[in-house]
Amino acid sequence: MPHKVQAVVVRAMNGPLSLETILVPDPGPGEALVNILTCGVCHTDLHYQQGGISDNYPFLLGHEATGVVAAIGDDVTNVVVGDRVILNWRAVCGECRACRRGEAQYCFNTFNATQKMTLEDGTELSPALGIGAFAEKTLVAAGQCTKVDEDVDPAAVGLLGCGIMAGIGAAINTGNVGRGDSVAVIGCGGVGIAAIQGAKLAGATTIIAVDIDPRKVELARALGATHGVNSRDEDPIEAIRALTGGNGADVVIDAVGRPETYRQAFYARDLAGTVVLVGVPTPDMVIELPLLDIFGRGGSLKSSWYGDCLPSRDFPMLVSHYKQGNLDLDAFVTERIGLGQVEQAFEKMHSGAVLRSVVVL
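Residues numbered from 1 in each chain as written. Predicted model: local features only at pLDDT ≥ 70, side-chain atom pairs only at ≥ 80, totals over all residues. Heavy atoms only, no water.

(A) Looking closely at the overall build of the protein chain. A count of helices and strands for the protein chain gives 11 helices and 18 strands. Over its C-alpha atoms the protein chain spans a radius of gyration of 20 Å, differing by no more than 12% from the 21 Å that the globule rule assigns to 361 residues. Projected onto its principal axes, the C-alpha coordinates of the protein chain cover approximately 65 × 40 × 40 Å. Buried positions account for 55% of the 361 residues belonging to the protein chain. Taking the intrachain contacts of the protein chain between residues at least 6 apart in sequence as the baseline, contacts between residues at least 24 apart amount to 69%. Summed over its atoms, the accessible surface of the protein chain is roughly 15000 Å², and 50% of this surface lies on carbon and sulfur atoms. Within the protein chain, one finds 27 positive and 41 negative side-chain charges whose respective centroids are separated by 4 Å. (Helix = DSSP H or I, 4+ residues; strand = E, 2+ residues; numbered from the N terminus. Rg over C-alpha atoms; globule rule 2.2 N^0.38 Å. Buried < 20%, exposed > 50% of the residue type's maximum accessible area, 1.4 Å probe, protein only. Contact = heavy atoms within 4.5 Å. Areas by Shrake-Rupley, 256 points an atom, 1.4 Å probe, with all protein chains shown as cover. Lys, Arg positive; Asp, Glu negative; His and termini not counted. Charge placed at Lys NZ, Arg CZ, Asp CG, Glu CD.)

Following this line, the structure appears as structure tokens:
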């Protein structure tokens, strides 16, 4: 018997968000039905509304979520009913070429639920990142559920489901930041500040926050950056070099994803240093760099997919750091809202007024 629940849907490109009744099936083989507790409002949800992901409307939005497993289908062994879980969009298959070579964090064939959630008239919904968590219940592949401790704030740890994991992982997993390293992060929204916290967690001693908004720079300094650069007022390349003995940073993380910020990251790193792109560019963006500079500066130019995380490994580890006081996830929760306030949360995101609005059900 399908479950009738309230959920946030967008029916057309740039259309309004609507709070609608949807139908969620009972789980089939390999699936889990999850009662949603919290879901962060992420830029990716806005991209779905704007048509930046695909045109497979209507979309069921929301993906950065925690919940409680309400039911499981046949052949599910990783979770049981009652487990507190963080949802993820990297349910590794174990069989693709990345998994076979022991790099499941790059899995090229992640699982989603097989059955479809629908509107009441039977129209199939496309759940954001295979999750669709701006809803009272959602249906996912069981591998999208990572069990975590229950004695933590779900609104805070749920942010590991997407943006905060992307930032932390960009520093720790992709950038391989180590003890004593110098790190610069360009762009101090939620992902950028998470990268700063990741760099701090990894033992970096010089952490430079760069943004055009002085409010974000100051917040970044309060949450782990040792230095701040207002790139509206000064050249960030020169500023980063000046703060690193004239050399440039060991690792520079572009959390914006624009040609101009990537160029800044490329030239602000030390020789043989690492650039990590974690900000998501749009399809029309291109960049031109002298090939001799790419060769002559050496090092690595990397892209970070979901912070190159393996949820089963990284989520429990980071929740443990949160409980120990080493990782301040509470600071990312700017406000707690209801399902009917997601549209307003998008507007606040545009203005830079929040790190994360979190829907609480």
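Having seen it, we continue.
(B) Looking closely at the packing of helix α1 (residues 43-50) against helix α11 (residues 342-351). The contact between α1 and α11 brings their axes to 10 Å, and the two run at 110°. Between α1 and α11, the interaxial angle falls into the category roughly perpendicular. Counted together, H43, D45, L46, Q49 and Q50 of α1 and E343, F346, M349 and H350 of α11 form the full contact between these two elements. When the residues that make up the contact of α1 with α11 are grouped by side-chain class, the tally is three nonpolar, four polar and two charged. (Axes fitted to C-alpha atoms, helices over the stretch in contact; angles between N-to-C directions. Parallel < 35°, antiparallel > 145°, perpendicular 65-115°, else oblique. Nonpolar A, V, L, I, M, F, W, Y, C, P; charged D, E, K, R; others polar.)

(C) Highlighting a nonpolar patch on the surface. Side chains of L291, I294 and L301 sit close together on the surface and give an oily, nonpolar patch of about 270 Å² of accessible area. Positionally, L301 belongs in strand β16 (residues 300-303). By relative accessible area, L301 is classed as partly exposed at 38%. (Patch = residues over 30% accessible without salt bridge, like charges linked within 9 Å, V, L, I, M, F, W, Y side chains within 5 Å. Salt bridge = Lys/Arg side-chain N within 4 Å of Asp/Glu carboxyl O.)

(D) Main features of the packing of helix α4 (residues 163-174) against helix α5 (residues 190-202). Viewed as axis vectors pointing N to C, α4 and α5 meet at an angle of 45°, and their least axial separation amounts to 7 Å. The angle between α4 and α5 places the two elements in the oblique class. For α4 against α5, the interelement crossing comes out right-handed. Residues G163, I164, A166, G167, I168, A171 and I172 of α4 touch α5, and the partners they reach there are G190, V191, A194, A195, G198, A199, L201 and A202. Broken down by class, the residue content of the contact of α4 with α5 amounts to 11 nonpolar, four polar and no charged. (Left-handed = near helix turned anticlockwise from the far one by under 90°.)

(E) Here's a closer look at the packing of aromatic side chains. In this structure the tally under the stated criterion is six aromatic pairs. With a centroid separation of 4.1 Å and an interplanar angle of 10°, the aromatic rings of W89 and Y306 are classed as stacked. Of this pair, W89 sits in the loop between β6 (84-87) and α2 (97-100) while Y306 is found in the loop between β16 and α10 (311-324), placing the two residues 217 residues apart along the sequence. When the ring of F266 is compared with that of Y267, the centres are 4.8 Å apart and the planes differ by 90°; the resulting orientation is edge-to-face. Members of the aromatic cluster, joined through ring pairs, are Y48, Y57 and F59. (Phe/Tyr/Trp six-rings, centres within 6.5 Å; stacked < 30°, edge-to-face > 60°.)

(F) Focus on the sheet that holds strand β1 (residues 3-10). In space, the five strands of this open sheet follow the order β7-β2-β1-β4-β8, with mixed pairing throughout. With partners counted over all chains shown, the strands left at the sheet margins are β7 (118-119) and β8 (126-127), one partner each. (Pairing = 2+ DSSP bridges.)

(G) Focus on the side chain of T44. Take T44: it is sitting in helix α1. We classify T44 as buried; its relative accessible area is 17%. Filtering out sequence-adjacent residues up to four positions away, T44 remains in contact with I53, H63 and L129.

(H) Region of interest: the sheet that holds β16. Taken in spatial order, the six strands line up as β13-β12-β11-β14-β15-β16 in an open sheet, and their pairing is parallel. Single-partner strands in this sheet number two, and they are β13 (227-230) and β16. Within the sheet, the average angular offset between the axes of one strand and its neighbour, ignoring direction, is 20°. As paired elements, strand β11 (residues 182-186) and strand β14 (residues 249-254) share four bridges and run parallel to each other. Bridging from a neighbouring strand, A184 pairs with V252 of β14. Relative to β13, helix α6 (residues 214-222) is tilted by about 170°, and along the sheet it contacts β12 (206-211) and β13.

(I) Examining the environment of V24 more closely. By the secondary structure assignment, V24 is in strand β2 (residues 17-24). Through-space distance from the C-alpha of V24 to that of K137 is 7.2 Å; in sequence the pair is 113 residues apart. Apart from residues no more than four positions distant in its own chain, V24 is found in contact with P2, H3, V5, L33, M117, K137, T138 and L139.

(J) Fine view of the pattern of salt bridges. Going through the model one piece at a time under the given rule, you end up with 13 salt bridges. For the salt bridge of D213 with R215, the shortest nitrogen-to-oxygen distance reads 2.7 Å. The class for D213 is buried, based on a relative accessible area of 15%. The exposure class assigned to R215 is exposed, which follows from its relative accessible area of 52%. In the salt-bridge network here, residues are joined through shared partners; they are D149, D151 and K323.

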